[in-house]
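Below are the chains, spelled out letter by letter.
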Amino acid sequence: MRKQTDPRSNATPDNAMDAHTGHREIDPVTGHDINDHDWNGIRELNTPFPKIVTWALIVTFIYSLIAWILLPAWPVGRDYTRGVLGLDQGEMAIEKFQAIGAGRSDWMAKFASDDFAMLQNDDQLMVQAMPAADRLFKDNCAACHANDGGGGPGFPALNDGDWLWGGDPADIAETLHIGINAANDDTRWAEMPPFDWMARSERMALADYVVALGRGTADGNAPEAQVFVDNCSACHGETGKGGMMIGAPSLTDASVIYGQDHDTVMQTLRHGRQSVMPAWSNRLSDAEINLLAVYVAQMSSPEAEVNE
Ligand code: HEC
Ligand code: HEC
């Protein structure tokens, strides 16, 4: 019998399980014990911890013991326990990488040759090489020239067929080797000098003329045309067509580096321009440079098969 002083005696119905007497109340539907607590009339089953969970814990614990023995597991100072199997994902990755390199070296070796016509006419070689070239371009060049070679303000488009230094693979390879205004002894040199000494009003009129040049509406008899010939033609050519292999772009076509609207041209005239294309000869192998040269040359050709 329960003592009268038992604090649970008020809350607990007579037939609830009692820890002291061992009296159990069984739920008739499930056959489980009913918990001895009463939440304002709501009772709860006292179900046992599921066996499957117990077994899952045992199995995972045993697995972890085996894994500790077989695989790299515990840090030890600057080192770690290597496990009986001696597996190392870092080494595995390097091996895989070397295997890819070995598979590639077969065709990559062909790009050590400067005979670009031969390379470009080898269809099977192109199929193998262009996806790799695409990756190389995206890794090294796309940050400035954009993924599709479309360029952006300050970075020339490589896919439009308009070239500062020539669009043959050999010219492009040379540009890649030595860069433009780059830290290389033989680098291509291109500088648009500032014309800040020119009266602003004269610069304004000249800028209008340059805008008109780009649109094909320039008046060759206007006084600005003479200012252009006197000051600009040495680099951009009398008619502004460029192509003089000193990096001065044509001002008569739709492609621009910085922009050919009035404000941008005024900035160009005031401050000059001299942007840097890095030299790649100490970062990429000759074969990689030739591979990229073929790839970039194809970007602008109509029958381009650059992407797959
Ligand atoms: C840090 C930015 C930058 C990166 C990276 C870069 N370039 Fe350039 N590149 C330039 C700039 C700027 C110019 C134009 C220089 C000028 O205006 O005189 C240029 C010019 C060129 C030209 C000459 C275009 C012409 O009309 O003759 C080629 C070709 C070229 N880049 C190819 C590449 C390739 C291929 C890569 C990757 C290996 C690459 N560039 C990476 C900035 C970059
Ligand atoms: C010493 C040679 C030289 C002279 C002289 C020169 N330029 Fe240039 N100009 C360049 C070069 C090189 C560039 C390209 C610079 C670069 O990309 O970094 C350029 C770029 C430009 C651009 C930018 C084009 C674009 O696509 O965004 C404009 C505009 C321009 N020049 C106008 C002129 C005008 C107008 C004059 C005469 C007042 C002139 N230049 C005189 C060499 C010259």
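Residues numbered from 1 in each chain as written. Chains lettered and ligands numbered in written order. Predicted model: local features only at pLDDT ≥ 70, side-chain atom pairs only at ≥ 80, totals over all residues.

### A closer look at the overall build of the protein chain
What the protein chain contains, in helices and strands, is 11 helices and four strands. Against the globule reference of 19 Å for 308 residues, the protein chain gives a C-alpha radius of gyration of 39 Å, more extended than a compact globule. When its C-alpha atoms are laid out on the principal axes, the protein chain stretches across 120 × 55 × 45 Å. Buried positions account for 19% of the 308 residues belonging to the protein chain. Considering only intrachain contacts with a sequence separation of at least 6, the fraction spanning at least 24 residues in the protein chain is 50%. (Helix = DSSP H or I, 4+ residues; strand = E, 2+ residues; numbered from the N terminus. Rg over C-alpha atoms; globule rule 2.2 N^0.38 Å. Buried ≥ 20, exposed ≤ 12 C-beta atoms within 10 Å, placed from the backbone. Contact = placed C-beta atoms within 7 Å.)

### Some details on the domain arrangement of the protein chain
The extent of an interface is frequently quoted as the accessible surface area lost upon association of the parts. Under the domain assignment, the protein chain is made up of domain 1 (51–80) and domain 2 (135–300). Taking the mean C-alpha position of each, domain 1 and domain 2 sit 62 Å from one another. (Domains from an automatic or database assignment.)

### Some words on the environment of Tyr258
Among the structural elements, Tyr258 can be located in the loop between α9 (233–236) and α10 (262–271). Of the residues examined, Tyr258 has 17 C-beta atoms within 10 Å and is grouped as partly exposed. Taking the C-alpha atoms as reference points, Tyr258 and Val294, 36 residues apart in sequence, are found 26 Å from one another. Contact partners of Tyr258, with chain neighbours within four places excluded, come to Pro153, Gly154, Thr264, Thr268 and Arg273.

### Concerning the packing of helix α7 (residues 200–215) against helix α8 (residues 223–231)
At a minimum axis distance of 9 Å, the contact between α7 and α8 shows a crossing angle of 95°. The angle between α7 and α8 places the two elements in the roughly perpendicular class. Contact with α7, carried on its side by Glu202, Ala205, Leu206 and Tyr209, involves Glu224, Ala225, Val227 and Phe228 of α8 and no other residues of that element. Across the contact of α7 with α8, the residue classes tally to six nonpolar, no polar and two charged. (Axes fitted to C-alpha atoms, helices over the stretch in contact; angles between N-to-C directions. Parallel < 35°, antiparallel > 145°, perpendicular 65-115°, else oblique. Nonpolar A, V, L, I, M, F, W, Y, C, P; charged D, E, K, R; others polar.)

### Points about the nonpolar core
Counting 20 residues, the largest nonpolar core has Leu176, Leu291, Leu292, Ala293, Tyr295 and Val296 as the members making the most contacts within it. Counting only elements with at least two residues in this core, the list comes to α4 (123–140), α6 (169–178) and α11 (286–300). With nine residues, the top contributor of residues to this core is α11. In this structure, Ala207, Val210, Leu213 and Leu269 belong to the second largest nonpolar core, which totals 11 residues. (Core = buried A, V, L, I, M, F, W, Y, C linked by C-beta atoms within 7 Å.)

### Looking at the packing of α7 against α10
At their nearest, the axes of α7 and α10 sit 9 Å apart, and the two run at 125° to each other. Between α7 and α10, the angle is such that the two are oblique. The handedness of the crossing between α7 and α10 is right-handed. Of α10, the residues touching α7 (which contributes Arg203, Leu206, Ala207, Asp208, Val210 and Val211) are His262, Val265, Met266 and Leu269. (Left-handed = near helix turned anticlockwise from the far one by under 90°.)

### Brief notes about the site of ligand 2
The immediate surroundings of ligand 2 are formed by 27 residues, with Met192, Cys232, Cys235, Val256 and Tyr258 found nearest. Secondary-structure elements contributing two or more residues to the shell around ligand 2 are α7, α9 and α10. Among the residues making up the shell around ligand 2, the classes are represented as 17 nonpolar, eight polar and two charged. (Near = placed C-beta within 6 Å.)

### Describing the site of ligand 1
Neighbouring ligand 1 are 25 residues; Cys141, Cys144, Leu164, Trp165 and Met277 lie closest to it. Contributing elements (two or more residues each) for the shell around ligand 1: α5 (142–145), α6 and α11. Here the shell around ligand 1 is composed, by residue class, of 20 nonpolar, five polar and no charged.

### Some points on the environment of Gly272
Here Gly272 lies in the loop between α10 and α11. Residue Gly272 is classed as partly exposed on the basis of its 13 C-beta neighbours within 10 Å. A sequence separation of 81 residues divides Gly272 from Glu191, and the C-alpha atoms of the two residues are 7.6 Å apart. Not counting chain neighbours up to four residues away, the residues in contact with Gly272 comprise Glu191, Met192, Pro193 and Pro194.

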